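# Breakdown of the fold
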Amino acid sequence: MDERRGRIYDARMAEEPVAPSEEQVPAPDAGGPQRKPPAEAIAEARVRAPTRGNRKLESFLGAVNGDEQVRTWWYMAQVHAERLGMSDHSWVHMQIVLNIALRLLRLLVRAGVEPAMVADHGMRDRDAEVVVAGGALLHDVGMSIHRADHEAYSLFLANGALQRLLADIYREPERTVVASEILHTIIGHRRRGEPYTLEGGVVRVADALDMAQGRTRAPLDLGHEGIHSISAAAVDEVRIGQGDERPVKIEIQLNNSAGIFQVDDLLATKIRGTPLEGRVEVIAKVEGETEKRLLSGFRLS
């Protein structure tokens, strides 16, 4: 594994961010993932997150890390992403979304917002953490088959995997309840997914917040100059913390105003119509007096 990526994630996963300086969303190495043989690439795919003593979450993460098929799906998702010149969809993306999702959920719960696992099923906040972890880690496994409709493909792959991943954590009927709620978060992350639950909204927004240029630089470097690649490269840093007027504040540092497209068209779209709407404040700023040059020129062919 690239040493810089290792340092970033070891520091991030060691403990829950509490100081403002630790609210930065982690980003993969700007150089992008390195191609390795399948067995070697899969062996290094180990996700981490602060569990805060949640034994169910610890067991679930352990089950995922020990499941070679799930980790191979992550590998194949990245292969297809690279074939299409897309941003990172490797296990690194899954780990970032996992940590963002847990951060969002915990801030919302701290503010008194009840997740569906509590409000609808009489279970606990800790069960909600398992649900968002499942959605974060399995939402893109359908990319191992095809990009188009990958959210739907993720459903039938994840459904089979969840039976074994949850087997030692929940008995029936709770196991099916948790699995169903995880599947809901997965289908809810598509563009018009319309998740009904707080957990589904959290996974949807967490996926959109993996936007720092370490993830998104590759398409631009490969010459894919368009609004998606240009705006993605304009995002330097994302921070998530407790809001002043709302439970969650998301601060996005841009190096170019083109990044507003990422905020308005992509992130805002992911927030609208979910249980997170009205509970999240988003602030995007372009730092400095001059903007970074991202485009050398453009020709419409």
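Scroll up to find the structure.
Residues numbered from 1 in each chain as written. Predicted model: local features only at pLDDT ≥ 70, side-chain atom pairs only at ≥ 80, totals over all residues. Heavy atoms only, no water.

A tally of helices and strands in the chain yields 13 helices and three strands. When the accessible area of the chain is evaluated, it comes to approximately 13,600 Å², of which 48% is carbon and sulfur surface. (Helix = DSSP H or I, 4+ residues; strand = E, 2+ residues; numbered from the N terminus. Areas by Shrake-Rupley, 256 points an atom, 1.4 Å probe, with all protein chains shown as cover.)

Here we have three strands laid out as an open sheet, ordered E1-E2-E3, and mixed in their pairing. Each edge of the sheet is formed by a strand with only one pairing partner; in this case those strands are strand E1 (235-242) and strand E3 (280-286). With direction set aside, neighbouring strand axes in the sheet form an average angle of 15°. Against the sheet, helix H5 (residues 91-110) contacts E1 and strand E2 (248-254), and its axis sits at roughly 30° relative to E1. Packing of helix H13 (residues 260-271) onto the sheet brings it into contact with E1, E2 and E3, and relative to E3 it is tilted by some 170°. (Pairing = 2+ DSSP bridges. Axes fitted to C-alpha atoms, helices over the stretch in contact; angles between N-to-C directions. Contact = heavy atoms within 4.5 Å.)

Moving on to the packing of aromatic side chains. For the structure on display, the rule yields one aromatic pair. When the ring of tyrosine 153 is compared with that of phenylalanine 156, the centres are 6.3 Å apart and the planes differ by 70°; the resulting orientation is edge-to-face. Of this pair, tyrosine 153 and phenylalanine 156 are both found in helix H8 (residues 150-165), three residues apart, which corresponds to roughly one turn of the helix. Looking at tyrosine 153, the relative accessible area reads 26%, which means it is partly exposed. (Phe/Tyr/Trp six-rings, centres within 6.5 Å; stacked < 30°, edge-to-face > 60°. Buried < 20%, exposed > 50% of the residue type's maximum accessible area, 1.4 Å probe, protein only.)

Membership of the largest hydrophobic core comes to 68 residues, with the highest contact counts inside it found for Phe60 and Trp74. Among the elements that make up this core, the one with the highest residue count is H5 (13 residues). Excluding residues that lie within four positions of it along the chain, tryptophan 74 makes contacts with Ala45, Val47, Val64, His89, Ser90, Trp91, Met94, Leu137 and Val141. (Core = buried A, V, L, I, M, F, W, Y, C linked by side-chain atoms within 4.5 Å.)

The subject of this paragraph is the environment of arginine 55. For arginine 55, the location among the structural elements is in helix H3 (residues 55-65). Its relative accessible area of 64% is what places arginine 55 among the exposed residues. Between the C-alpha atom of arginine 55 and that of valine 130, which follows or precedes it by 75 residues, the distance is 9.9 Å.

Here we come to the side chain of lysine 270. When you line up the elements, lysine 270 lands in helix H13. Buried charge without a partner: lysine 270 forms no salt bridge, and the closest opposite charge is aspartate 207, 4.2 Å away. In this structure the side chain of lysine 270 is engaged in a polar contact, spanning 2.5 Å, whose partner is the backbone oxygen of histidine 189. Leave out the neighbours within four places in its chain, and lysine 270 touches His189, Arg190, Arg204, Val205, Asp207 and Ala208. (Lys, Arg positive; Asp, Glu negative; His and termini not counted. Salt bridge = Lys/Arg side-chain N within 4 Å of Asp/Glu carboxyl O. Polar contact = N/O pair within 3.5 Å; in protein donor to acceptor, adjacent residues only side chain to side chain.)

This part covers the pattern of salt bridges. Under the definition given, this model contains six salt bridges. With its nearest N and O atoms 2.9 Å apart, the salt bridge here joins glutamate 129 to arginine 106. Highlighted residues: glutamate 129 in helix H7 (residues 125-138) and arginine 106 in helix H5, separated in sequence by 23 residues. Residue glutamate 129 is classed as buried on the basis of its relative accessible area of 9%. A salt bridge links aspartate 244 to lysine 249, with the nearest nitrogen and oxygen atoms 3.6 Å apart. On the basis of relative accessibility, which here comes to 16%, the residue lysine 249 falls in the buried class.

Turning our attention to the pairing of E1. Two elements, E1 and E2, share seven bridges in a ladder whose sense is antiparallel. Residue pairing in the sheet places valine 238 in a bridge with isoleucine 252 of E2. Two successive antiparallel strands, E1 and E2, enclose a turn made up of five residues.

Let us look at the packing of H3 against H7. Where H3 meets H7, the axes come as close as 8 Å, and the angle between the chain directions of the two elements is 20°. In terms of axis orientation, H3 runs roughly parallel to H7. Considering the relative orientation of H3 and H7, their crossing is right-handed. For the pair H3 and H7, the contacting residues are Arg55, Lys56, Leu57, Phe60, Leu61 and Val64 in the first and Arg126, Asp127, Glu129, Val130, Ala133, Gly134 and Leu137 in the second. A class-by-class count of the residues in the contact of H3 with H7 yields seven nonpolar, one polar and five charged. (Parallel < 35°, antiparallel > 145°, perpendicular 65-115°, else oblique. Left-handed = near helix turned anticlockwise from the far one by under 90°. Nonpolar A, V, L, I, M, F, W, Y, C, P; charged D, E, K, R; others polar.)

Next up on the list: the environment of glutamine 163. Mapped onto the elements of the fold, glutamine 163 is located in helix H8. The exposure class assigned to glutamine 163 is partly exposed, which follows from its relative accessible area of 35%. Expressed as a C-alpha distance, the spacing of glutamine 163 and arginine 175, which sit 12 residues apart in the sequence, is 8.0 Å. Here glutamine 163 is in contact with Arg175 and Ala179, once residues within four sequence places are set aside.

Purely geometric numbers; function is a separate question.
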